[in-house]
2 protein chains.
Amino acid sequence: MDLIRRLGAVVGPEHVLTDPAVTVSYAVDWTGRFRGSAAAVVRPRSTEEVAGVLAVCNEAEAAVVPQGGNTGLVGGGVPLAGEIVLSLRRLDEIGPVDTLAGQVTAGAGVTLAGLQARAAAAGWAFGVDLAARDSATVGGMVATNAGGNRMMRYGPMRAQVLGVEAVLADGRVVSHLGGLAKDNTGYDLAGLVTGSEGTLAVVTRVRLRLVPRFEHRVVALLAVGSVATAVEATTSLRREVPSLEAAELFLAEGLALVCRVFGLPRPFAAEHAAYLLVECADHRDPEPELARAVGRLGPLVLDAAVATEPARRAALWRYREAHTEAIATLGVAHKLDVALAPGSLPAFVAEVPAVVARAAPGATTFLFGHVGDGNVHVNVVGAGDGDEVDAAVLGLVADMGGSISAEHGIGRAKRRWLHLNRSPVEIDVFAAIKRALDPRGILNPGVLLPPR
Amino acid sequence: MDLIRRLGAVVGPEHVLTDPAVTVSYAVDWTGRFRGSAAAVVRPRSTEEVAGVLAVCNEAEAAVVPQGGNTGLVGGGVPLAGEIVLSLRRLDEIGPVDTLAGQVTAGAGVTLAGLQARAAAAGWAFGVDLAARDSATVGGMVATNAGGNRMMRYGPMRAQVLGVEAVLADGRVVSHLGGLAKDNTGYDLAGLVTGSEGTLAVVTRVRLRLVPRFEHRVVALLAVGSVATAVEATTSLRREVPSLEAAELFLAEGLALVCRVFGLPRPFAAEHAAYLLVECADHRDPEPELARAVGRLGPLVLDAAVATEPARRAALWRYREAHTEAIATLGVAHKLDVALAPGSLPAFVAEVPAVVARAAPGATTFLFGHVGDGNVHVNVVGAGDGDEVDAAVLGLVADMGGSISAEHGIGRAKRRWLHLNRSPVEIDVFAAIKRALDPRGILNPGVLLPPR
């Protein structure tokens, strides 16, 4: 096949994989829900090679699926119909930390863990953290505008990206990596590409801001009587404690399951309706400040556990983080990732179980998430393929003004639901921008927007 | 003229101004550098009316210049060739503060001062502040991605904008004002429109994040031996003092002028090469934390004045803020607004006077700015129209990897210099996006990009 030969001429034949036994791992996502096939997997090692690959594919009108660590959750990075997989993992160079600016330039294939290590070695930290840190790559995190646990303090990936180098569909390169905090010289291409799920351009390098490393951390688990109280407490703490960087929510049912599955001690003598887990980090011990702010919440807080030692902090986080694994012991969970305005969150949490029960009788619903961002992960066990649940829950989300995809993106999984959040005019604008940057529609066709 | 009649049918004839004696104030910017004429000034009072106006203008292929408070500095908001001025000032409704989310929805015509007052009344603050607060409007600040004094803590306008309602060139409306912190449902239209200088769409309403109000503030003026030391100290304070929200730089010559013109006492007994003005704000008194961090700078700080009382804080700020007015007493200043990476800032400041002197013999250069963002305002007195100075200084900026427009934008004033910062491919991409959203090129033609 001439295309394969031409791609080999760009990256070297050994970096164009066509053996199905090899390419299969690139053609299935890690949840196993999206499984396809690749015409080939191309592994360039530089921006120039990415440019060469895209020029060849664009000329041939061959569809390309960019892929990083393949940890996406919405089928945005796997080939479903024999596309070319463009693996960015070999673009794993990371520059020196600019210690004056607090910035670093990283290749798309650098893992989050690699980035974090580089930042830490220079006395800095990176503002986004998530569980898939050993596999997730910078390029994929940019493509999906990754969120994670610390977002309420540092913002999502888009807030860390000070500039991108990217290859357009036709192989031309745009590069703006100066990292200037203030730079009003034209449209915000970095922000536009971030979160575009590989449909507008292929990011090859990014200039990232770093954040200070803090020596002192405190974690508090607060028992509260309702989700409404958890929301109110979160707003109050956010206003009063600038060092707050995480606010997580879980409920009685989730905690009971986690304790049962992992044999963990219950955190409090009594059972409570909802639990708020908060973490603060600062150069000074933030515990007194947090304690005062919690004190001002008065009777809203029914019980509290506070930890400053790493092992004790991890033990409190475990109640939240073990939810996914604990739920998995009950069966394959259908997962939704939605966001609501804080004022709508209590009603949403109250209504979801009944809405799910109508859509999938006998299914069990677990809710937890990043309450600081209004982000709720809805996990439904025993719902089959989840189509009915999607329709019911996402419809409820949209009715309440929420987002059907808080942090995972639209990908292929949620494209059919995009109209719930976005008007025909908005989707038209997305398509116009897509056509402007990728007129032949070769980049990730079918992701976010219908294929051309 | 049929167009005028049709516009009158949309907004009411009394809101289509055509008397040159009236429209003249809309056709000159406040610096007096940009002076043109308007075919008419149209003053809609709602998104629907803006939509009607644009539909009429698009059909007639009549060029439209959106205008807010007309405080722009690069000629981006004034008609130069008989365009229709679309004044957004009547869109001055502001919604109630959502105290749970810490957000507010504001019309494009709301002034910054009005927004700040609304936020303060609800116990919150707004993250962007600038001197033109009584005239500058939310819409204009979005269009230019305004920066200002607090940007190092809260980011520019783009970081405050959680969603926009905007009218496309053809009159269609996109509206996404839910204010969700996490919302990965498509391209970042809000971020794209922010900073697009009225060339992609007309913003009519925005959802804005608010920030906590702090009770305690401390201002310190630090005398240092060089710009390099000022930069190093800024990085150090930024890392060690999370409550830091401003870091401003000025030099010996500027301080001497300010003291002479306004009869101010010199802040220190000795004269020093450079001065760093920092401000911290927190719920606790940030003075001890700042003092410790300044103490760790050791001999880098040659002298220091610290103020916590409002009048004393204002007195320290006066040394920095009076620069513009003091320079104006010497003549009309040619002003450049550039940004450099912190590592390049000292060399830039060192080289600029000689570069200016070669371009405009006899001219005097003053430099000051927001060192926390690498943003330097270059003021040149006695340079005539400044063309030679622009070429020389902006060329130097570009050679050093800096931005030729840190916070003012490109407008019409700097369009001819855009190529210094942006490659032909990037400018091509800008133009493709512009064509996708405004195919007839009616929105602010000649701003940022060449007219169609």
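Right above here is the structure, for reference.
Conventions and cut-offs
- Residues numbered from 1 in each chain as written.
- Chains lettered and ligands numbered in written order.
- Predicted model: local features only at pLDDT ≥ 70, side-chain atom pairs only at ≥ 80, totals over all residues.
- Heavy atoms only, no water.
- Helix = DSSP H or I, 4+ residues; strand = E, 2+ residues; numbered from the N terminus.
- Buried < 20%, exposed > 50% of the residue type's maximum accessible area, 1.4 Å probe, protein only.
- Areas by Shrake-Rupley, 256 points an atom, 1.4 Å probe, with all protein chains shown as cover.
- Lys, Arg positive; Asp, Glu negative; His and termini not counted.
- Charge placed at Lys NZ, Arg CZ, Asp CG, Glu CD.
- Least-squares fit on C-alpha atoms with pLDDT ≥ 70 in both.
- Contact = heavy atoms within 4.5 Å.
- 1 Å grid on protein atoms, 1.4 Å probe; cavity = no way out; pocket = protein on both sides within 12 Å on 5 of 7 lines; lining within 4 Å.
- Points joined across faces, edges and corners; volume = space filled by probe spheres on them.
- Nonpolar A, V, L, I, M, F, W, Y, C, P; charged D, E, K, R; others polar.
- Salt bridge = Lys/Arg side-chain N within 4 Å of Asp/Glu carboxyl O.
- Pairing = 2+ DSSP bridges.
- Axes fitted to C-alpha atoms, helices over the stretch in contact; angles between N-to-C directions.
- Buried area = accessible area lost by both parts, 1.4 Å probe.
- Polar contact = N/O pair within 3.5 Å; in protein donor to acceptor, adjacent residues only side chain to side chain.

A. Examining the overall build of chain A more closely. Helix and strand counts for chain A stand at 16 helices and 17 strands. Counting only C-alpha atoms and orienting by the principal axes, one finds that chain A spans roughly 70 × 55 × 40 Å. The buried share of chain A, taken over its 452 residues, is 62%. As presented, chain A carries roughly 15900 Å² of accessible surface, and 53% of it is formed by carbon and sulfur atoms. Taking the 42 positively charged and 47 negatively charged side chains of chain A as two groups, their mean positions are separated by 2 Å.

B. Quick peek at the relation of the copies chain A and chain B. Once chain A has been moved 0.0 Å along the axis and rotated by 180°, it coincides with chain B to within an RMSD of 0.0 Å. What the superposition gives is, in effect, a two-fold axis relating one chain to the other. Comparing contact sets, 99% of the residues at the interface of chain A also lie at the interface in chain B, consistent with an isologous, same-surface contact.

C. Quick peek at empty space enclosed by the protein. Throughout the structure, instances matching the rule amount to three cavities of 30 Å³ or more. Taken as a whole, the largest cavity holds about 80 Å³ of empty space. In terms of lining, the largest cavity is formed by Arg153(A), Pro242(A), Ser243(A), Asp282(A), Arg284(A), Glu289(A), Arg153(B), Pro242(B), Ser243(B), Asp282(B), Arg284(B) and Glu289(B). Among the residues making up the lining of the largest cavity, the classes are represented as two nonpolar, two polar and eight charged.

D. Representation of the pattern of salt bridges within the structure. All names here are of chain B. Counting across every chain of the model gives 52 salt bridges over all chains. Glu245 serves as the salt-bridge partner of Arg217, at 2.9 Å between the closest nitrogen and oxygen. Pair noted here: Arg217 is in strand β11 (residues 216–224) and Glu245 is in strand β12 (residues 244–251), with a separation of 28 residues, a long-range link. Residue classification places Glu245 among the buried residues on the basis of a relative accessible area of 2%. The partner of Arg422 in a salt bridge is Glu426, and the shortest N-O contact between them spans 2.6 Å. Here Arg422 and Glu426 have matching classes, each one buried.

E. Main features of the sheet that holds strand β5 (residues 103–107) of chain B. Residues and elements named next belong to chain B. Taken in spatial order, the four strands of this open sheet run β5-β9-β7-β8, and their pairing is antiparallel. Because the sheet does not close on itself, it has two edges, and the strands there are β5 and β8 (173–175). Within the sheet, the average angular offset between the axes of one strand and its neighbour, ignoring direction, is 15°. Bridge count between strand β7 (residues 161–167) and β8: three bridges; the pairing is antiparallel. Its bridge partner lying in β8, Glu165 is registered against Ser175. Docked against the sheet, helix α3 (residues 47–60) engages β7, β8 and β9 (202–209), running at close to 45° with respect to β7.

F. Structural view of the interface of chain A and chain B. Tallying the contact residues gives 84 residues for chain A and 83 residues for chain B. Approximately 6600 Å² of surface area, both sides summed, lies buried where chain A meets chain B, with 59% of it carried by carbon and sulfur atoms. Considering only the side of chain A, the residues that lose the most area to chain B are Lys182(A), Asn184(A) and Tyr187(A), jointly responsible for 16% of the buried surface there. Linking chain A with chain B are twelve salt bridges, by the criterion used here. Put simply, chain A and chain B have 40 residue pairs in polar contact (both at pLDDT 80 or more) between them. Every element with two or more residues in the side of chain A that touches chain B is listed here: α6 (151–154), β8 (173–175), α8 (189–193), α9 (227–240), α11 (287–296) and α16 (424–437) of chain A. For the side of chain A that touches chain B, the per-class residue count stands at 36 nonpolar, 27 polar and 21 charged.

G. The arrangement of the sheet that holds strand β15 (residues 333–339) of chain B in detail. Residue and element names in this part refer to chain B. Within the open sheet, the seven strands sit side by side as β14-β11-β13-β12-β16-β17-β15. Their pairing is antiparallel. Of all the strands in the sheet, just β14 (301–307) and β15 have a single pairing partner and so form its edges. Neighbouring strand axes in the sheet, compared pairwise and without regard to direction, differ in orientation by 15° on average. Direction of pairing for β15 relative to strand β17 (residues 375–381): antiparallel, over a ladder of seven bridges.

That's the geometry; what it means functionally is another story.
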